[in-house]
Amino acid sequence: NNNRYAGIELNNSDRNLLAFNSANGTSGADPNQQFGIYLASGSDDNNLFGNNAWYNNITGITVDNSNHNNLTQNFANNNAVNGINVTSATWNNLTGNVALNNGNTGIYLGSATDNNLTGNFADNNRYAGIVLNNSDRNILAFNSANGTSGADPNQQFGIYLGSGSDDNNLFG
């Protein structure tokens, strides 16, 4: 917890299990840790289960240029930018994760194709629950992406498909 760059980083590391870890930053005005859990540069076929990644200065969990990973029942809440960030990545499964109260988006996919998001909770984030930008052929099923209710709702979009996001299936 509260490291300078990342709580846990896998760089070009395959077939690992990360379960029940805490990779939390600080909860003050100046959190130090940039990323909670960071899968980078071809970290493929990994399983992340039941981890906590809260109060990071950028993102709770990042999957960047990494494929065939399973993220299941992780918590990525109260991060400065995104809860879970999946970029330039294919064939990843995100199931039953919770990404609440993040500064921008709960779950963000950028240039990510053929991913499966099922039963995730991405509620009460500042911009959107789930965002896809330049991301094709993804399946989003039975996810929750609700904003706050009342006189001052924060979240602008539940699920937002940005430019270049084609052939995605959303249902449930």
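In short, a report on the structure. (Residues numbered from 1 in each chain as written. Predicted model: local features only at pLDDT ≥ 70, side-chain atom pairs only at ≥ 80, totals over all residues. Heavy atoms only, no water.)

1. Digging into a nonpolar patch on the surface
Part 1 of the argument: Among the surface-exposed residues, L17, F20 and F49 lie close enough to one another that they form a single nonpolar patch of about 350 Å² accessible area.
Part 2 of the argument: Relative to the assigned elements, F20 resides in the loop between β2 (17-19) and β3 (35-40).
Part 3 of the argument: Residue classification places F20 among the exposed positions, given a relative accessible area of 63%. (Patch = residues over 30% accessible without salt bridge, like charges linked within 9 Å, V, L, I, M, F, W, Y side chains within 5 Å. Areas by Shrake-Rupley, 256 points an atom, 1.4 Å probe, with all protein chains shown as cover. Salt bridge = Lys/Arg side-chain N within 4 Å of Asp/Glu carboxyl O. Helix = DSSP H or I, 4+ residues; strand = E, 2+ residues; numbered from the N terminus. Buried < 20%, exposed > 50% of the residue type's maximum accessible area, 1.4 Å probe, protein only.)

2. Side note on the pairing of β3
Part 1 of the argument: For β3, a buried count of 6 out of 6 residues is recorded, marking the element as mostly surrounded by other parts of the structure.
Part 2 of the argument: Bridge count between strand β1 (residues 6-11) and β3: 5 bridges; the pairing is parallel. Considered in β3, the bridge of L10 is made with L39.
Part 3 of the argument: As paired strands, β3 and strand β5 (residues 59-64) are joined by 4 bridges and run parallel to one another. Bridging across to β5, F35 finds its partner in T59. (Pairing = 2+ DSSP bridges.)

3. Topic: the pattern of salt bridges
Part 1 of the argument: Considering all chains together, one arrives at 1 salt bridge under this definition.
Part 2 of the argument: The residue D114 makes a salt bridge to R137 at a minimum N-O spacing of 3.1 Å. Remark: R137 occurs in the loop between β11 (128-133) and β12 (139-141) and D114 occurs in the loop between β9 (105-110) and β10 (116-118); sequence separation between them is 23 residues.
Part 3 of the argument: Exposure remark for D114: the relative accessible area of 16% places this residue in the buried category.

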